[in-house]
Amino acid sequence: MKYRIYVFGTGGYTDLGTYGPDETIFCLDWLILEQQTREKILAIECDEKNNIEFPAFLYLGNLADYEDFKRYINNQDEVRITKQFRKRR
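An account of the accompanying structure is given in this report.

Rules used in this analysis
- Residues numbered from 1 in each chain as written.
- Predicted model: local features only at pLDDT ≥ 70, side-chain atom pairs only at ≥ 80, totals over all residues.
- Heavy atoms only, no water.
- Salt bridge = Lys/Arg side-chain N within 4 Å of Asp/Glu carboxyl O.
- Helix = DSSP H or I, 4+ residues; strand = E, 2+ residues; numbered from the N terminus.
- Buried < 20%, exposed > 50% of the residue type's maximum accessible area, 1.4 Å probe, protein only.
- Core = buried A, V, L, I, M, F, W, Y, C linked by side-chain atoms within 4.5 Å.

**Structural notes on the pattern of salt bridges**
Inference 1: Considering all chains together, one arrives at three salt bridges under this definition.
Inference 2: A salt bridge links glutamate 53 to arginine 4, with the nearest nitrogen and oxygen atoms 3.1 Å apart. Of this pair, glutamate 53 sits in strand β4 (residues 52–59) while arginine 4 is found in strand β1 (residues 2–9), placing the two residues 49 residues apart along the sequence.
Inference 3: Judged by relative accessible area, glutamate 53 falls into the buried class, the value being 18%.
Inference 4: Given the relative accessible area of 17%, arginine 4 is considered buried.

Encoded structure:
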């Protein structure tokens, strides 16, 4: 599974790229823990096999939400109910 990361700034959301699970955690650790960013951060889960994308994480300043997301990435056996959007071809 891959994750696309967006950061909200003055001009709207900026795409920081698409990463694997380990790279996603590394990037978010840097943004949230080291830089202590105050901006909103959005992570979109990209399922290329089924051509589905859906929001997996929205950071609004709560570190507990980020810890839950890290546990979710590290444990893919966990089931989460979210809205899914099938991309148009």
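**A closer look at the nonpolar core**
Inference 1: If you look at the biggest cluster of nonpolar residues, it comprises 17 residues, and the most contacted ones within it are Leu28, Ile32, Ile41, Phe57, Tyr66 and Phe69.
Inference 2: Put simply, the parts of the chain that give this core at least two residues each are β1, α1 (21–34), β3 (41–47), β4 and α2 (63–74).
Inference 3: Per-element accounting of this core gives the leading share, five residues, to α1.

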